Amino acid sequence: MKKRGLSDVQFGYLLILPALIFIVIIFLYPVIRNFWLSFYKLDYTAGGHLGFIGMDNFKNILRDGSFWSSLRFTIIFTVISVPIEFILGLVFALVANTRFKGRNLVRASILVPWALPTAVMAMGWQWIFNGMYGVFNDFLMRFHIISFPVSWLAMPNTAIFSVLFADIWKTTSFMFLLLLAGLQSIPDELYEAANIDGASGIKKFGYITLPLLRSSIVLAFLFRTIQAFGVFDLIWVLTGGGPGDSTKTVSIHIYNTVFRYLNLGYGASLVVVLFIIMLPFALGYARIAWREE
Amino acid sequence: MHIKRFISLFLFWLLVAFIVGYSLAPFLWQIITSFKPSNELSSIPVTYWPKHFTFSHYKELFQGTRNFPRYIINSVIVGLSTTILCIFIGSLSAYAFARLQLPQRGLLLRIILSASLFPAIILIVPLYEMVSRFGLANNYLALIIPYTTLNLPFTIWVLTSFFRQIPTELEDAAKVDGVGRLGLLFTIFFPLSAPAMATTAILVFISSWNEFLLALTFMSNDTARTVPVGIAMLGGRSSVYEIPWGSITAAMVLTTIPLVLVVLIFQQRIVEGLTQGAVKG
Amino acid sequence: MKRCLLSILLVLALVSAFSIPMWAAEPVTISILMGPDNTGGWHQVISDFEKANPDIKVNLIEGPSATNTREDMYATSFMAKESTYDLVYMDIIWVPKFAAAGWLLPLDKWFPKTQWKLFLPGDINGSIYNGHIYRSPVQSDAGMLYYRKDLLAQAGMTPPRTFGELVQISQKLQKPPGLWGFVWQGKQYEGLVCDFLEYVWGSGGDVINKSNEVVLDQAPAVEALQYMVDLINKYKVSPADVLTFQEEESRRVFQDGHAVFHRNWPYVWTLANMPDSPVKDKIGIIPMVHKPGYKSAATQGGWGIGISAFSKHPNEAWKFASYVSSYETQKKLHFLNGIIPTRQALFSDPDILKESPHYPDLYKVQLGARPRPVTPRYGEISDVIQREVSAALIQKISAQDALKNAAQAIRDILKR
């Protein structure tokens with residue numbers, strides 16, 4: 001029989017080629033190029049010429065107080081937001097996994113924060129946290145939690161609170177989805193067997209749910225940590241990193257470095273540092289999530 | 001015994017109410033705000049239900065020098081192109097991964113998936129260089145190509161696992177009929193996975209609609225802006241320093257209500273699709 | 001196979017169809033990005049220009065009011081070597097950065113040195129970089145002190161000259177919270193630097209001295225910053241809210257009659273004397289206060305038009321730029337938008353003097369206005385100063401530490 005055209009394997013590679021091309025051009029090449037650039041000076045306030053400077057960019061990072069404070073805030077932001085969104089997301093997922101009337105409506109509502117564009121909703125949060133006319137102040141005052149309006153976005157501590165509040169609101173949705181997947185993969189029979197044995201809700205949760213959810217939980221934490229570390233949209237629109245750089249994250253510092261200070265080489269080195277920080281989490285995720293592949 | 005059940009039931013419903021309120025309240029507030037006339041916006045204390053309903057903010061969005069309709073058109077064009085491109089290329093790859101035994105399959109898949117792990121800020125400097133070198137600033141392609149790339153991992157993952165579930169007997173039957181490999185793709189896989197592809201398409205479209213960083217960076221021309229950037233940049237009309245909350249919330253509502261409706265209607269499928277993609281990660 | 005090829009071609013066609021560039025190409029249209037044209041004045045100037053130049057159309061792109069954002073919009077466009085904008089409506093502080101990056105056309109051949117003396121020296125100096133002129137000045141700005149002359153007259157007091165006098169009068173006349181002594185711009189943004197520098201210069205200090213050394217951490221500057229901190233916390237003549245004020249917020253407080261003194265730009269005069277203003281005809285202006293033995297200082301602000309190095313129509317662009325900077329158009333913009341002109345002759349124009357009798361005083365202040373540090377890295381330096389001054393104002397760190405940090409960071413930035 002005449003062998004027509006390509007073998008299965010060759011055909012397969014051909015099919016994958018377009019996707020690979022995209023990935024190489026938009027992901028692999030930029031990552032590599034960024035590493036390369038970080039060893040060069042490329043500063044538009046100094047003429048914009050490419051010049052090799054070795055480790056100088058990285059040495060400058062050590063003296064860049066603005067970077068370190070942004071790193072500190074980013075870490076605080078991540079460490080606070082991820083656990084809280086996890087707990088909320090877990091509760092939401094547990095509820096949504098229970099059978100009750102109106103469950104679909106509840107699941108649909110939980111999806112709403114996920115569906116809304118972060119940047120657009122950040123404008124909405126600016127309005128909610130508005131010092132003079134915002135509903136957040138009004139709400140708190142009606143319940144006598146505060147006695148006069150707070151300028152949420154004008155002072156560092158309250159701005160940090162606002163940013164965390166707005167972020168957790170959105171990311172709870174993500175966690176919900178990640179954990180719901182895990183919950184749904186737990187076979188009902190296990191719960192039924194436990195019910196027959198007369199196990200209480202807490203026991204079921206501790207002995208069945210949590211252990212079987214473990215890899216989902218780990219994956220959720222790893223994934224969300226990477227995303228939280230790179231947060232940009234929400235904070236850039238909500239506070240711009242202010243006041244007093246109190247809500248400035250590493251990614252905002254990078255953005256300013258590149259597009260305001262026009263220092264692309266240094267910006268690339270900052271990206272390298274960010275990448276290195278994220279790498280262990282990414283590798284951990286890859287190892288667990290893509291084990292079978 | 002009954003009291004205990006009653007209390008736990010009550011607490012449960014309280015929790016449900018909290019969840020729904022938590023999820024919807026901030027957005028509902030934007031909707032309410034968008035219908036309040038400007039003077040009511042600055043009333044103290046806050047009015048929770050508009051005293052007077054007005055559509056003026058919505059009308060204002062389409063007036064004169066505003067580019068608001070433009071933003072929507074741009075987002076739609078970028079979103080549709082990205083979705084079509086992504087689903088098409090993604091399903092080609094998914095077919096190959098699902099059915100054709102490729103050596104190095106694991107490695108290739110991992111390479112593709114790695115693109116979904118890192119936030120876009122990692123890529124911004126070189127991507128900007130490329131956009132600048134090829135003169136693509138303010139060009140739809142500057143967004144379509146990266147968006148497609150960033151959505152391919154998820155798309156390929158979901159479609160691959162879906163394709164794998166399609167029974168091989170169907171393919172065998174088709175092969176006997178003389179249908180070629182590519183023909184298999186079009187006559188069997190596509191139709192059978194239409195629901196999964198549709199769901200994935202919705203997710204890609206939403207992801208493209210909501211993207212901010214790249215849209216902010218590559219589209220500096222106001223007529224080329226997409227919705228999220230356009231709304232974030234809405235400047236003051238009445239005074240140089242005032243922010244027009246009425247217009248902003250109206251813009252928000254107008255551009256997100258379709259998203260929310262789609263999500264509400266396809267909620268079941270979307271959760272399935274996302275949890276599918278999330279099952280192994 | 002054929003169907004496959006066909007669909008691939010279809011997708012490619014769709015994608016390339018959508019890749020058609022976004023801007024409409026009409027014969028000689030030049031574009032400029034500005035803030036919102038609230039009064040409609042710019043549209044009128046443009047339509048007058050187009051009548052006089054029928055072969056040129058000017059596309060006014062109204063961007064957000066935040067000047068930082070517009071600066072970023074220009075920057076991202078120029079970095080990509082794009083020709084979206086032919087003209088640049090530039091804040092004086094953008095000139096060194098844009099010029100050093102090669103984004104602006106030198107205007108020397110159209111705008112020779114002989115013409116420079118027709119303009120205010122501060123505005124011309126702020127348009128020059130490395131010996132070439134890159135911006136045609138349109139409107140000027142200088143910080144000044146507004147005061148309630150009715151309240152001072154009532155108490156038999158003369159306007160203050162020094163830091164101390166300002167505090168004394170404020171403490172005597174204020175009745176917080178209905179009437180505060182002194183409101184200004186204390187939020188962390190560019191305006192804070194403008195306010196801050198006036199105190200620094202008025203104390204004999206500076207950011208960078210004539211020998212190019214950073215002297216921001218020296219005694220005069222520290223004293224100046226301490227004075228600002230004390231205004232709120234020790235002398236209590238300024239409300240804590242000033243830390244959230246930009247220009248408009250502080251103006252509203254003063255214009256509603258809730259402050260005795262107000263530091264701001266000249267634009268407040270027109271607005272505060274409008275028929276519905278509670279302080280109409282009750283205000284006066286004087287140069288900013290200073291330390292005894294030193295001179296009053298005003299921060300130089302102002303806007304002008306530059307030409308993009310990537311513009312495809314530089315000649316037409318210059319026609320528009322010089323039209324806007326002309327005597328007649330500046331006068332028109334003065335009456336339409338309340339701008340302070342940059343042409344010296346306009347300060348003795350009879351029509352202007354009739355409507356703004358305070359202009360001779362204003363002229364003196366403008367002549368003495370000083371520029372913020374002139375370097376392409378000013379944006380970064382400003383961010384440093386903003387951050388540290390703000391931290392001192394909210395009393396997170398001492399004035400001394402704040403300026404020590406700032407000076408160190410600035411030295412690093414300049415060394416780069």
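What counts and how
- Residues numbered from 1 in each chain as written.
- Chains lettered and ligands numbered in written order.
- Predicted model: local features only at pLDDT ≥ 70, side-chain atom pairs only at ≥ 80, totals over all residues.
- Heavy atoms only, no water.
- Pairing = 2+ DSSP bridges.
- Helix = DSSP H or I, 4+ residues; strand = E, 2+ residues; numbered from the N terminus.
- Axes fitted to C-alpha atoms, helices over the stretch in contact; angles between N-to-C directions.
- Contact = heavy atoms within 4.5 Å.
- Domains from an automatic or database assignment.
- Buried area = accessible area lost by both parts, 1.4 Å probe.
- Salt bridge = Lys/Arg side-chain N within 4 Å of Asp/Glu carboxyl O.
- Polar contact = N/O pair within 3.5 Å; in protein donor to acceptor, adjacent residues only side chain to side chain.
- Nonpolar A, V, L, I, M, F, W, Y, C, P; charged D, E, K, R; others polar.
- Phe/Tyr/Trp six-rings, centres within 6.5 Å; stacked < 30°, edge-to-face > 60°.
- Buried < 20%, exposed > 50% of the residue type's maximum accessible area, 1.4 Å probe, protein only.

S.K.: Describe in detail the sheet that holds strand β9 (residues 259-264) of chain C, supporting the description with residues and values.
M.R.: All names here are of chain C. Ordered in space as β8-β9-β7-β10, the 4 strands form an open sheet in which the pairing is mixed. Each of the sheet's edge strands pairs with one partner strand only, and the pair in question is β8 (180-183) and β10 (283-286). Each strand of the sheet is rotated relative to its neighbour by a mean of 15°, with strand direction disregarded. Against the sheet, helix α8 (residues 163-173) engages β7 (144-148), β8 and β9, with an angle of about 140° to β9.

S.K.: Talk me through the domain arrangement of chain A; I want residue IDs and the actual numbers.
M.R.: Reports often express the size of an interface as the amount of accessible area lost when the parts come together. What the domain assignment lists for chain A is domain 1 (1-32) and domain 2 (63-292). Averaged C-alpha coordinates put domain 1 of chain A and domain 2 of chain A at centres separated by 36 Å.

S.K.: Requested: an account of the interface of chain B and chain A, with residues and values cited.
M.R.: Taken together, the contacts link 99 residues of chain B with 97 residues of chain A. Three residues, Y22, L117 and W245 of chain B, lead the burial of chain B against chain A; their summed loss comes to 8% of the area buried on that side. The partner of R33 of chain A in a salt bridge is E129 of chain B, and the shortest N-O contact between them spans 2.8 Å. Here chain B and chain A share 13 residue pairs in polar contact (both at pLDDT 80 or more) between them. Take the side of chain B that touches chain A: its biggest share by element is 15 residues, from helix α1 (residues 2-34) of chain B. For the side of chain B that touches chain A, the per-class residue count stands at 72 nonpolar, 20 polar and 7 charged.

S.K.: I'd like a description of the packing of aromatic side chains, backed by residues and values.
M.R.: Summed over all chains, the structure comprises 74 aromatic pairs over all chains. Taking 6.4 Å as the distance between ring centres and 40° as the angle between the ring planes, the aromatic pair formed by Y44 of chain A and W103 of chain C counts as tilted. On the criterion of chain membership, the pair formed by Y44 of chain A in the loop between β1 (40-41) and β2 (51-52) and W103 of chain C in the loop between α4 (95-100) and α5 (113-116) is interchain, its members lying in two chains. Both residues of the pair, Y44 of chain A and W103 of chain C, belong to the buried class. Ring centres of F49 of chain C and F320 of chain C lie 5.0 Å apart, and the angle between their planes is 75°; on these two criteria the pair is classed as edge-to-face.

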